[in-house]
Amino acid sequence: TYDDGGYYFRTAPPDNLQGVVHADLITDDGASSVAIAFRSDEYGRGLANAVKDQLEANGVDVPAFIEFDKDGTSFDAEAAQIAAAGVDAISLIPFAEGAAFTQALIEAGVGPADVQLYVADGYKDSVTAEAVDPNNPAVLEGARGTYPSLSPPDGEPTFVERFTAFAPPGTPTIFSAHSFDCATALLLAAEAAGSTDSVAIAAQVNDVTRGGEKCSSYAACHALLQQGADIDYDGASGPLDFVDAGEPGAGAYDLFTYDAEGAANTDETVSVP
């Protein structure tokens, strides 16, 4: 919603889409009463509100909606509030402080072994089972979550193999496809504009991702542009279909579950809308 004058774009899907997937996962698992705890920043508030809106639209009660200090070290008060709410599921939206928050939940009797826990990308990228309990790799077993898909089934099929061959071992893969699509979309927009002028490029970014002849690689899209065609680039991260605000109108998310070894295993990938 920021007034960027039409110069800001992103290929990573907005969290209002993840909020729908996250809430639908909780609902489909049968929860009827959910506590949402989220960090005090734009990531936390934005995703938490999207989850809350979708849960309530699904007919699920949200009796506890708790914003916590993102720089906090003790979350005992928030955990006690969740325990008092008597919910059957918890949606936790932190970054690295999620380890300490999970410890507080366990101490309050509402840890992952007691109440179904759901997390999102900030938790998955920042928290490990070892950080929660160095002596119990199964401490997160059964917790579930949502994560921007690393290789959506509707993405360009050769990207994962090509990225793996290029990237050194240990290279983070989250948003790799989105980063690739960002560079490709900007290049295609420059070609569509026939210019290297930033104003001209910006005017073409949305259009090269929607409404034209579909293509899924730079080479294929380039060939179409050379023929004077209007293109619709669907890339490594799947269909982009930018809305007027300059962000994807669609998103793909992995649904995952932690196992007894502390690993988050993908169960399935879903796309919205």
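Owing to the predicted nature of the structure, the values given are computational and were not obtained by experimental measurement.

**A look at the overall build of the protein**
Then, number 1: Each helix and strand counted, the protein has 10 helices and 10 strands in total.
Then, number 2: Relative to the 2.2 N^0.38 estimate, which gives 19 Å for 273 residues, the radius of gyration of the protein is 20 Å and therefore close to what a compact globule would have.
Then, number 3: On the principal axes, the C-alpha backbone points of the protein span a range of 65 × 40 × 35 Å.
Then, number 4: In the form shown here, the protein has an accessible surface area of approximately 12500 Å², with 51% of it arising from carbon and sulfur atoms.
Then, number 5: One way to put it: in the protein the 10 positive side-chain charges average out to a point 4 Å from where the 44 negative ones average out.

**Examining the packing of helix α7 (residues 159–166) against helix α8 (residues 176–193)**
Then, number 1: For the pair α7 and α8, the least separation of the axes is 11 Å and the interaxial angle reads 100°. In terms of axis orientation, α7 runs roughly perpendicular to α8. Contact residues: F159, R162 and F163 in α7; S176, A177 and F180 in α8.
Then, number 2: Taken together, the residues of the contact of α7 with α8 sort by class into 4 nonpolar, 1 polar and 1 charged.

**Here we look at the pairing of strand β7 (residues 231–235)**
Then, number 1: The element β7 is extensively covered by neighbouring structure, given that 5 of its 5 residues are classed as buried.
Then, number 2: Burial along β7 is two-sided: I231, Y233 and G235 facing one way and D232 and D234 facing the other are all buried.
Then, number 3: Relative to β7, strand β6 (residues 213–215) is paired through 3 bridges, and the arrangement is parallel. Bridge assignment links C215 to a residue of β7, and that residue is Y233.
Then, number 4: Read from β6 through helix α10 (residues 218–226) to β7, the crossover connection turns out right-handed.

**Some thoughts on the pairing of strand β1 (residues 33–39)**
Every regular strand shows the same layout, with side chains that alternate between the two sheet faces.
Then, number 1: For β1, the buried fraction is high: 7 of the 7 residues fall into the buried class.
Then, number 2: With burial as the criterion, each face of β1 is covered, one bearing S33, A35, A37 and R39 and the other bearing V34, I36 and F38.
Then, number 3: In this view, the connection linking β1 to its parallel neighbour strand β2 (residues 61–68) by way of helix α2 (residues 42–57) has right-handed handedness.
Then, number 4: Relative to strand β3 (residues 89–93), β1 runs parallel, the two sharing 5 bridges. Looking across to β3, one finds that A37 is bridged to L92.

**What to know about the sheet that holds β7**
Then, number 1: The 3 strands lie next to each other as β6-β7-β8, forming an open sheet whose pairing is mixed. What marks the edges here is a single partner per strand, and that holds for β6 and β8 (238–239).
Then, number 2: The strands touched by α10 are β6 and β7; relative to β6, the strand with the most contacts, the crossing angle is about 150°.

**Details of the nonpolar core**
Then, number 1: Counting 30 residues, the largest nonpolar core has I82, I90, L92, F101, L105, L117 and Y123 as the members making the most contacts within it.
Then, number 2: Broken down by element, the residue count for this core peaks at 4 residues, all from helix α4 (residues 98–107).
Then, number 3: Discounting residues that sit within four places of it in the chain, I90 has contacts with A35, I82, L105, V110, V115, Q116, L117 and Y118.
Then, number 4: A23, L25, A31 and A48 belong to the second largest nonpolar core, which has 23 residues in total.

**A few points about the packing of aromatic side chains**
Then, number 1: Taken as a whole and judged by the stated rule, the model has 8 aromatic pairs.
Then, number 2: Here the aromatic cluster, defined as three or more aromatic residues joined through ring pairs, consists of F68, F75 and F101.
Then, number 3: A cation over a ring is seen here: K124 above Y147, with NZ or CZ 3.9 Å from the ring centre.

**Details of the sheet that holds β3**
Strand-to-strand pairing in sheets goes through backbone hydrogen bonds, with the strands running parallel or antiparallel.
Then, number 1: Read across the sheet, 7 strands follow the order β2-β1-β3-β4-β5-β9-β10 without closing on themselves; strand pairing throughout is mixed. Edge positions in the sheet fall to β2 and β10 (264–272), since each has one partner strand and no second. Here the average twist between neighbouring strands, direction ignored, is 20°.
Then, number 2: Direction of pairing for strand β4 (residues 116–119) relative to strand β5 (residues 144–148): parallel, over a ladder of 2 bridges. Across the sheet, Y118 pairs through a bridge with R144, a residue of β5.
Then, number 3: Of the strands in this sheet, β1, β3, β4, β5, β9 (251–258) and β10 are in contact with helix α1 (residues 15–28), which crosses β5 at around 155°.
Then, number 4: Sitting on the sheet, α4 touches β1, β2, β3 and β4, and the angle it makes with β3 is about 155°.

Reading the values: rules and limits
- Throughout this description, residue numbers start from 1 for each chain and increase along the sequence as written.
- Restriction of local features to residues with pLDDT of at least 70 applies here, the model being predicted, together with a cutoff of 80 or more for giving and counting side-chain atom pairs; totals for whole chains, interfaces and linings are based on all residues.
- In computing side-chain properties, one takes all heavy atoms of the structure into account and sets aside hydrogens as well as water.
- Counting from the N terminus, the helices are the DSSP runs of H or I reaching at least four residues and the strands are the DSSP runs of E reaching at least two.
- Restricting the calculation to C-alpha atoms gives the radius of gyration, and the globule rule supplies 2.2 Å times the number of residues raised to the power 0.38.
- Calculation of accessible area relied on Shrake-Rupley with a 1.4 Å probe; when residues are assessed, cover is drawn exclusively from the protein chains displayed.
- Counted as positive: Lys and Arg. Counted as negative: Asp and Glu. His and the chain ends are not counted at all.
- A single reference atom marks each charge: NZ on Lys, CZ on Arg, CG on Asp, CD on Glu.
- The convention used is that axes are lines fitted to C-alpha atoms, helices contributing only their stretch in contact, and that angles between N-to-C directions extend from 0 to 180 degrees.
- With respect to orientation, any angle under 35 degrees is reported as roughly parallel, any angle over 145 as roughly antiparallel, any angle of 65 to 115 as roughly perpendicular, and every other angle as oblique.
- Working rule for contacts: check all heavy atoms of both residues, and any pair within 4.5 Å makes them a contact.
- Note on residue classes: Ala, Val, Leu, Ile, Met, Phe, Trp, Tyr, Cys and Pro are nonpolar, Asp, Glu, Lys and Arg are charged, and everything else, Gly too, is polar.
- For the exposure calls, accessible area comes from a 1.4 Å probe over protein chains only, and a residue counts as buried if that area is under 20% of its type's maximum, exposed if over 50%, partly exposed in between.
- Being paired, for any two strands, means DSSP has found at least two bridges between them.
- Place the viewer so that the strands point away; then a crossover is right-handed whenever the path from the first strand over the helix to the second strand goes clockwise.
- Residues enter a nonpolar core if they are buried and are Ala, Val, Leu, Ile, Met, Phe, Trp, Tyr or Cys, with the set joined through side-chain atoms within 4.5 Å.
- Stacked, edge-to-face and tilted labels apply to pairs of Phe, Tyr and Trp rings (six-membered ring for Trp) whose centres lie within 6.5 Å, assigned for plane angles under 30 degrees, over 60, and everything in between, in that order.
- When the NZ atom of lysine or the CZ atom of arginine is within 6 Å of a ring's centre and also within 35 degrees of its normal, the charge is said to sit over that ring.

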